[in-house]
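Residue-level listing of the chains:
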Amino acid sequence: IRMNDQNCQDSCRGGSKVSDFTWEVKANDRAFHLKFKKKLFLCWKRRKYRDNAIKTAKYNMLTFLPLNLYEQFHRSANLYFLFVVLLQTIPEISTLPWFSLMMPLVCLLIIRGTRDLVDDIARYRSDRMINGRPCEILMEKSFCKKRWRDIHVGDVVCLQKDDFVPADLLLLATSEPSSLCYVETADIDGETNLKFRQALIITHKELVSVDKMAAFDGIVVCEEPNSRMHTFVGTLEWKGEKYSLDSEKILLRGCRIRNTDICYGLVIYAGFDSKFLKNSGKIKLKRTKLDRMMNKLVIFIFLMLVVISLCLAVAYSFQVVDFQAKHSYLNEFHRNSSPVQEAFLVFWGFMILLSVIVPMSLYITFEFVYLVNSCFINWDLEMYYSPQDIPANARNTSLNDQLGQIEYIFSDKTGTLTQNIMTFKKCCINGLIYESADPAHSIQLLAISWRWNKYADENLIFYDSQLLEDVLKDEDEVAREFWRLLALCHTVMVDEKDGQLVYQAASPDEEALVTAARNFGYVFLSRTQDTITTIELGVERIYQVLAMMDFNSSRKRMSVLVRDPEGKIRLYTKGADTVIFERLQPGCPNELATEKALDTFAKQTLRTLCLASKEVEDEFYQEWSKRHHAASVLLQNRSQALEKIYEDMEKDLKLLGATAIEDKLQDGVPDTIDLLKKGNIKVWVLTGDKQETAVNIGFACRLLSDDMEILDEKEIQEMVEICSESNNNFGGVLNCDSRLQQQQGKLALVVTGDFLVSVTPPPRPHYSPPPIEDHPSPLSWVPLGHAFAKAEESQASEKKSSLLAMVGEHCRIWQAPEDLAIRRERAFVDLATQCQAVICCRVTPKQKALIVQMIKKYQKVITLAIGDGANDVNMIKTADIGVGISGQEGMQAVQCSDYALAQFSYLKRLLLVHGRWSYLRISKFLRYFFYKTFASMMVQIWFAFYNGFTAQPLYEGWFLALYNVFYSAYPVLSMGLLEQDMSAKKCLEFPELYSVGQKNQLFNYQVFFVALAQGVATSLVNFYVTVWAFTDTAGPGGICDYQTFAITVATSALFSVIAEIIIDIKFWTILSFLAVSSSVILYSLMSFLTQNFSAFHMAPTIFRFLDVNQNALTEPYILLVVLLTVITNTMPSLAVRLLCHIIAESESRRSYQDSRMEVSAVELTAHFQRGSFGRRSSYAFSHKEGYAELITRGTSLRKKDTQTIGGISSNGGSMPATKDSPDPRTSVPVKESP
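Residues numbered from 1 in each chain as written. Predicted model: local features only at pLDDT ≥ 70, side-chain atom pairs only at ≥ 80, totals over all residues. Heavy atoms only, no water.

Quick look at the overall build of the chain
The number of helices and strands found in the chain is 44 helices and 35 strands. Within the span of the chain, comprising 1234 residues, buried residues form 56% of the whole. A separation of at least 24 residues holds for 76% of the contacts in the chain among residues at least 6 apart in sequence. Surface summary for the chain: the accessible area is close to 53400 Å², and the carbon and sulfur share equals 57%. (Helix = DSSP H or I, 4+ residues; strand = E, 2+ residues; numbered from the N terminus. Buried < 20%, exposed > 50% of the residue type's maximum accessible area, 1.4 Å probe, protein only. Contact = heavy atoms within 4.5 Å. Areas by Shrake-Rupley, 256 points an atom, 1.4 Å probe, with all protein chains shown as cover.)

Some thoughts on the pattern of salt bridges
Counted under the stated rule, the structure contains 51 salt bridges. Residue Glu 469 is joined to Lys 473 by a salt bridge in which the shortest nitrogen-to-oxygen separation is 3.8 Å. Of this pair, Glu 469 and Lys 473 are both found in helix α13 (residues 465–473), 4 residues apart, which corresponds to roughly one turn of the helix. With respect to class, Glu 469 is no different from Lys 473; both count as buried. Overlapping salt bridges, with partners in common, bring together Glu 481, Arg 484, Glu 536, Arg 541, Glu 566, Arg 570 and Glu 615 in one network. (Salt bridge = Lys/Arg side-chain N within 4 Å of Asp/Glu carboxyl O.)

Quick notes on the sheet that holds strand β1 (residues 23–26)
Taken together, 4 strands build an open sheet; the order of strands is β1-β10-β11-β12 and the sheet is antiparallel. Pairing within the sheet leaves two strands with one partner each, and these edge strands are β1 and β12 (241–245). Within this sheet the neighbouring strands show an average axis-to-axis angle of 20°, counted without direction. Bridge analysis of strand β11 (residues 234–238) against β12 gives 5 bridges, and the strand direction is antiparallel. (Pairing = 2+ DSSP bridges. Axes fitted to C-alpha atoms, helices over the stretch in contact; angles between N-to-C directions.)

Looking at the UniProt feature "transmembrane region" (unreviewed entry) in the chain
UniProt marks residues 297–318, 343–364, 925–945, 957–978, 1007–1030, 1042–1063, 1070–1089 and 1117–1140 with the feature "transmembrane region" (unreviewed entry), using the numbering shown here. Helix makes up 100% of residues 297–318 and strand 0%. Its end C-alpha atoms lie 32 Å apart. In residues 1070–1089, helix accounts for 100% and strand for 0%; the two terminal C-alpha atoms are 28 Å from one another. (UniProt positions renumbered as here; feature names shortened; annotations may be inferred.)

Quick look at the nonpolar core
Ranked by internal contacts, the top residues of the largest apolar core, which has 110 residues, are Ile 301, Leu 926, Phe 930, Phe 934, Leu 954, Tyr 955 and Phe 1003. In terms of residue count, the dominant contributor to this core is helix α9 (residues 289–326) (13 residues). The next biggest cluster of nonpolar side chains, apart from the first, holds 54 residues, and it includes Ala 517, Val 545, Met 558 and Val 560. (Core = buried A, V, L, I, M, F, W, Y, C linked by side-chain atoms within 4.5 Å.)

Topic: the sheet that holds strand β5 (residues 142–147)
Taken together, the 6 strands give an open sheet; going across it, the order is β5-β4-β6-β15-β7-β13, and neighbouring strands pair in antiparallel fashion. On the outer flanks of this sheet lie β5 and β13 (250–251), each paired with one strand and no other. For strand β4 (residues 134–139) and β5, the ladder comprises 6 bridges, and the chain directions are antiparallel. From the neighbouring strand, Leu 138 faces β5, where its bridge partner is Phe 143.

Quick word on the confidence of the model for the chain
Of all residues in the chain, 80% attain a pLDDT of 70 or more, and the chain-wide mean is 79. Note on residues 1–19: pLDDT under 50 across the span, and 45 contacts to partners over four residues away in sequence or across chains. For residues 761–817, every residue scores under 50 in pLDDT, and the model assigns this stretch 92 contacts once sequence neighbours within four places are set aside. (pLDDT = per-residue confidence, 0-100.)

Section: the pairing of strand β25 (residues 557–563)
Regular strands show a simple pattern: their side chains alternate between the two faces of the sheet. Taking burial as the measure, the 7 residues of β25 include 6 buried ones, the bulk of the element. Where strand β24 (residues 539–549) meets β25, 5 bridges bridge the pair, whose relative direction is antiparallel. For Gln 544, the partnering residue across the bridge sits in β25 and is Arg 563. In the sheet, β25 pairs with strand β26 (residues 569–575) via 7 bridges, with the strands oriented antiparallel. Each bridged residue has a counterpart across the sheet, and for Val 560 the counterpart in β26 is Tyr 572. Count of turn residues in the β25/β26 antiparallel hairpin: 5 residues, of which Gly 567 carries a positive phi of about 95°.

Brief notes about a nonpolar patch on the surface
There is a patch of nonpolar side chains on the surface, built from Ile 1062, Trp 1068, Ile 1070, Leu 1071, Phe 1073 and Leu 1074 and spanning about 620 Å² of accessible area. The element that contributes the greatest number of residues to the nonpolar patch is helix α39 (residues 1070–1091), accounting for 4 residues. Among the secondary structure elements, Leu 1074 is positioned in helix α39. By relative accessible area, which is 48% here, Leu 1074 ends up partly exposed. (Patch = residues over 30% accessible without salt bridge, like charges linked within 9 Å, V, L, I, M, F, W, Y side chains within 5 Å.)

Thoughts on unusual backbone geometry
A negative phi angle characterises most non-glycine residues, just as the trans form characterises most peptide bonds. The backbone of Lys 556 shows a phi angle near 60°, a positive value even though the residue is not glycine. Its location among the elements puts Lys 556 in the loop between β24 and β25. Here Lys 556 falls in the buried class, since its relative accessible area comes to 16%. Residue Phe 949 is not a glycine yet carries a positive backbone phi of 55°. Inspection of the secondary structure puts Phe 949 in the loop between α32 (939–944) and α33 (957–967).

What about the packing of helix α37 (residues 1005–1030) against helix α38 (residues 1042–1064)?
For the pair α37 and α38, the least separation of the axes is 10 Å and the interaxial angle reads 140°. Judged by the angle between their axes, α37 and α38 are oblique. By crossing handedness, the relation of α37 to α38 is classed as right-handed. Facing α37, whose interface residues are Gln 1014, Thr 1018, Asn 1022, Phe 1023, Thr 1026, Val 1027 and Phe 1030, α38 presents Thr 1044, Phe 1045, Thr 1048, Val 1049, Ser 1052, Ala 1053, Ser 1056 and Glu 1060. Across the contact of α37 with α38, the residue classes tally to 6 nonpolar, 8 polar and 1 charged. (Parallel < 35°, antiparallel > 145°, perpendicular 65-115°, else oblique. Left-handed = near helix turned anticlockwise from the far one by under 90°. Nonpolar A, V, L, I, M, F, W, Y, C, P; charged D, E, K, R; others polar.)

Some remarks on the side chain of Ser 374
With respect to the element layout, Ser 374 can be found in helix α11 (residues 360–378). For Ser 374, the side chain forms a polar contact with the main-chain oxygen of Tyr 370, separated by 3.0 Å. When residues no more than four places from it in sequence are discounted, the contact partners of Ser 374 are Ala 394, Asn 396, Thr 397 and Asn 400. (Polar contact = N/O pair within 3.5 Å; in protein donor to acceptor, adjacent residues only side chain to side chain.)

Quick word on α37
The end-to-end C-alpha distance of α37, which contains 26 residues, comes to 37 Å, matching closely the 38 Å that a straight helix rising 1.5 Å per residue would cover. With a side-chain oxygen lying 3.0 Å from the backbone nitrogen of Gln 1006, the N-terminal cap of α37 falls on Asn 1004. (Expected span 1.5 Å × (residues − 1).)

Comments concerning the packing of α9 against α11
Their axes nearest at 12 Å, the elements α9 and α11 cross at an angle of 170°. Classified by the angle their axes make, α9 and α11 are roughly antiparallel. Contact residues: α9 offers Asp 291, Met 294, Asn 295 and Val 298, while α11 offers Leu 362, Tyr 363 and Phe 366. When its residues are assigned to classes, the contact of α9 with α11 shows 5 nonpolar, 1 polar and 1 charged.

Brief notes about the environment of Lys 413
Relative to the assigned elements, Lys 413 resides in the loop between β17 (408–411) and β18 (418–429). The spacing of Lys 413 and Gly 698 is 285 residues in sequence and 9.4 Å in space, taken between C-alpha atoms. Discounting chain neighbours no more than four positions away, the residues touching Lys 413 are Thr 418, Arg 607, Val 685, Leu 686, Thr 687, Asp 689, Thr 693, Ala 694 and Ile 697.

Re the packing of aromatic side chains
Scanning the model with the defined rule gives 46 aromatic pairs in all. Taking 5.3 Å as the distance between ring centres and 40° as the angle between the ring planes, the aromatic pair formed by Phe 959 and Tyr 963 counts as tilted. You can see Phe 959 and its partner Tyr 963 sitting in helix α33, 4 residues apart, about one turn around the helix. Note on accessibility: Phe 959 and Tyr 963 belong to one class, buried. Each ring, one from Phe 1023 and one from Phe 1045, has its centre 5.6 Å from the other, and the planes form 85°; the classification is edge-to-face. Of this pair, Phe 1023 sits in helix α37 while Phe 1045 is found in helix α38, placing the two residues 22 residues apart along the sequence. Grouping residues by exposure puts Phe 1023 and Phe 1045 together as buried. (Phe/Tyr/Trp six-rings, centres within 6.5 Å; stacked < 30°, edge-to-face > 60°.)

Details of the environment of Met 854
Residue position: Met 854 is located in helix α28 (residues 845–859). In this structure, the C-alpha to C-alpha distance between Met 854 and Val 829, residues 25 residues apart in sequence, is 7.5 Å. Those residues in contact with Met 854, other than ones at most four positions away along the chain, are Glu 825, Phe 828 and Val 829.

This is the structure in C-alpha cells:
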C-alpha cells in the first residue's frame, strides 16, 4: 500500500478512494515507522508518526518573557501605548514624565502576564501529570513499566481495570470472554454509562500469551489521523488474510477501562494524532456587543486626539510666526528650524500629552469587573441544585453583560424542559389500550402484584390488573410476541449487583421498555455474541441471534433477527410509527386502532414507539445472510450498503402494538417561560420529537396558550413561496388585516425539519408559482394536524386567501437583489420572528445550529441556546450565549457551554437578575469611566490656549500616573461590581424592565456622546472657574502660581467626578462607601508622599511639586474655588436626573398597570384536533445508536450463572392463581381497561 502525506477523507463519502487509506501501522516494529517523514516547512521535515508526549503549555523559562510580550503587543491598544511611551523618550517632543505613561502600561502587562503565567503553569502541570502516567509496554518479550510519553505508534500496551487509555488503540485481546472490553467515556463526551468494545475473533484466539503478542507482526492500514470520534475504517493484514476494522474495535485516548481486568491494544494514533486531541481545537472567541462597541469608541477617541493634536499643532505654527514677528530679538532661538518643523514636533508632543485620554486602565478594570460578576453567578445559592450538589457555573467570564440583552432563546425539549427520566406509562397491544390506575392505588398494589416475579423492579410504577391477568394466562399470541419483542429487540447490557439485575442501556427509553417487560414476566437475563437468554413466565429460553440491525437517525428503527428454541426464525422490529407503518403487510389487523391509540398517546405528551414482527423462511435467510456478510466487510460505503440489505429484510411486518413513555416537565419550567415572555424574550423550542408531543409540551410549559393563532405549515409554505417569488417580505402583513392585527404578539409557528429543508431549496430557474387555488403545496411534509383541516377547512381557506392577497399588496421591497433561496429563507425568518413562540419538530443537531445562525444573520439580535445533550452542542456553540444543563444525557453540552445550570428554571434568575445587573453595572461603569477621563484630562486642551500651544502639561506627572490607577479607580470599580437599581425579588416581579438591555438604553453611542459632552463641560467649568478665580490674586499668599493653579484644577476635577458617582450610585453598601472614601484618602496620602521635601531632595526633576497640596489646600480661598466648581458641575446633573426620574416613574407605573396579568395554569392536554395519522415517534428519533454491531461479534459478552439470581421457577409454580376471564382481548375498537 502506497504511503503519502495527504489526510484521509471521510470514508463514508461516495467519492472516497482506497488510496486515501495511507496510515500504515506495523506491530512491534518502531524502526518501520521512523522511515516515514512529513514535510513541515520548505525543506524541513518531521516524523510522520508522532510519539505520545503532549505539550499544551506555551512557555518555558526562556521563552515566557519574549513570547508573552509578543502576544500582548499583538493587541492594538497595547501597541499604541507602547508607541506613545517610545515617543516620550525623545527629548524634543517629550511633554510628560516617563513614569506617567510607563506605570499604567507596566501594570497592565504585569497583570495580564501573571494571569497568562498562572494559566500556563496549570497547563504544564497537567501535561507533566498526563505524560507521566504509568503504563506497560511490550519490549522484547515482556511487558515493562513505562510512562505514557514513552509510547510510540506500533507498540503493544497492556491496560488494567480503571486505567485510562493512553492512545488510540486497536483492541487485541482482553481477559473477558470473546475479548470484550467495558469502557467509560465521561472524559470524552460526558456520558457515564458504560460502553463496550470487542476485539477481532482472530486476535482473541491467537494472541493468548506474551510470546505470541511479541511475535505479532500484523499491519493495520487505515485512514489518516482525523477528528471523527465515532468513525474508523481500516483493515488488519495478518498471516495473508485481511480483517475488517471499525470504531467498535478501537479504544480512544481518554476512555477508562471498567469491569475488565486486563486488556491489550496496538497503538494506532499517538499523542496529538489521537482523535480526542484532534477534537481539542480552538473554541470560537465570543465577544459581547458592548465589548465590540467599546473597541470602536477607543478607536474614535484615538482619531479624535489625532485631529485635536493636529489642530493645536497648526495653531502653534501660526502662533510662532506671529511671535517671531513681534519679538525679532528671539529669532536666534528659531534659526535652525522652521515653523512647520516645530509644529510637527508639537503635534507629537500633544499626542503624548493627550494619550492619557485613551483609558489604558480601562482594560485592566474591565476584566476584573467581568471576573467578579462571574463569581457572583457561581456563588448564588438560589441557583444551587442541592439534590445533585450542582452549583451554577460561569465557564466564560467575559459575556456577563450580554446575559442582560437576550432577545431569543433556543431550547431543546427532552432533558431541558423535561426531566429525561422515562416512565413506562401506557401500551397498546392488539388494538387495546392498557394503562395504570390511580398512581397512589398502583403503588399500594405493586408490592402485592409483583411477588410472583422475583426479578421485578419495584421502581417501575405501572400496573394494569387486566393486562397482568392476560399476560399470566398466556393465551394471546400477539401479547406474548409484544413482551417477547421488548425483551429481545434492544442493545441493553446486563450486569449483576447485590443479587439483582442491573441494566446498562444506550438511552433511558430503552431501559424503561426492557424493565417493563421484565416486570410482566419476560425477563432479559443475559446475552452472548450470538445468543440472548430470557425467562418467559418462569421458563428459560435461549434465542440464537442471527443479526442485529441497529438504530440510527436515518433508519429510525431497530431490528433483531433470532432463531427461537423451536427452530423458527423471527424478525422483531421497533421504531418510529412512520417507518413501521410503511413496512407492514397489506391488510394488517388492528392498524387503525393502533393509529388512534398513538394519537391518544401523543395528545398526552407521551413518547411513542411501534412494535412489529414476522416469521422468516430459512431459504430467504440463507441468501440474505450472504449478502449481509459481503456488505459488512466493505471498506467504502459500508453503512449505506448495510442499510439496503436491512431494507430487504424489514418488509411485510405484522403489527403488534405500541408503547407510550412519559417524560415529565422539570420543576418551575412553566413559570420560567412565562416570566421570560413577559421580559420580551422569544422562546423557540427545537426538538427531535413529533409535532403532537412538542405542541402539547408547549401548552404545558406556557409557551403556547389558548388565545394564540397557530399557523400551519401549508399556509406558511405558500406565503413564503409567493413572497419570495415576488421579492417581498412580510413587513406589512400583520398591520393590514384587522384579525391578525388583534393577534399581534399572540402568533405561534409549528414546523418540522422537513419543512425547514424546503424553506431553502436550490433555486428553480424560470419558476412561476402556480395559482394557490388550483395547485397543492409542493411539499411532502406532514402538516400540523391534517386538519386544522377538516374541522376548520372553510375558515383556514378564508384566512389563507386573505393573507396571500395582502402579501402582494402591502410588503416592503428588499434593497439588494437576492436569489430565490435566500429570499425564501429571509421571508420565513421575517414571518417567524413576528411570532411570540416557535416550535421546530423533527430537527437534527445540524438544523438546530442553522436555525440559530439564520436568526443571527437576518435579525442581528443576541441569542441564547440551552440544551443538555450532545445533539445540542452545535446549537450551543453557534448562539451568542450557550447554556448547558447538567442532565441525564451526560455533560458534553456543559463542557461546550458558556454557562452551566442544573435546571432550566434557573435561567430566569440568570437572565432577569444576574444578566440585568451585569448589563447595568457594565454600562454605568463604561459611561462613568469615559466621563471621568474626559472631565479631568480635557483641561489639557484648554490650557494649551494659555501657554502658546506648546504642549506644556498642566497637571503634575504623578497625578497623571495615579489618577486612573488609584484616585478614581475604586468608586468606578464599586459601581461595576455592586450597583443595583432593584433587588433580585423586584427583578423577577417586574420582568418587563429586562427590555432595557435589549434596547441598549443604558450604553449606546448617544450615551457615550452625552458622557463626552458632560465631561467636556465639567473640564471647562473646572478650568475657567479656576482661571476666573485666579485673576488679579497676586499677593503675599502666593496663590496665583502655576503649581497652585494645577493643584486647584486637579482637585476640582477629582471631587467633581466623585460627586457625580455619589449621585449615580443607587445601591449603597459599606463597600461602596469605603471605595468612595478611599479615593480622597489615597489622593491625600499619595500627594504627601510625592510632594514632601525628602522626595524632592532625592529626585527634584521627578518630584517637582514641593508641598503644593499642603500650601494650596489650606487656603480658604482655594477650598471655596474647589467647592464652587463641584457645585457648578453637580447641580445641572442633579436637576436632569431628577426630571428624568419623575418622568420615567410615571410612565413605568402606567405601563405596569396595563401589562400585568394573571396567567392561569394550563392543563396538560391536547389543544388541537388531529385528522392525520402521519406521525413519527419521538422516542425513535431521539434515541442514540446502540451496540448492535458490537454485540453480534465474539462468542460471549460476559459469562453469567443464571441460577445465582432468584427468579421464576421453571415450572411457573410461584405464579398467583387468576380468576376466570373472557377470551383474550383481540377486538379492534379502542377501549381503555378499568
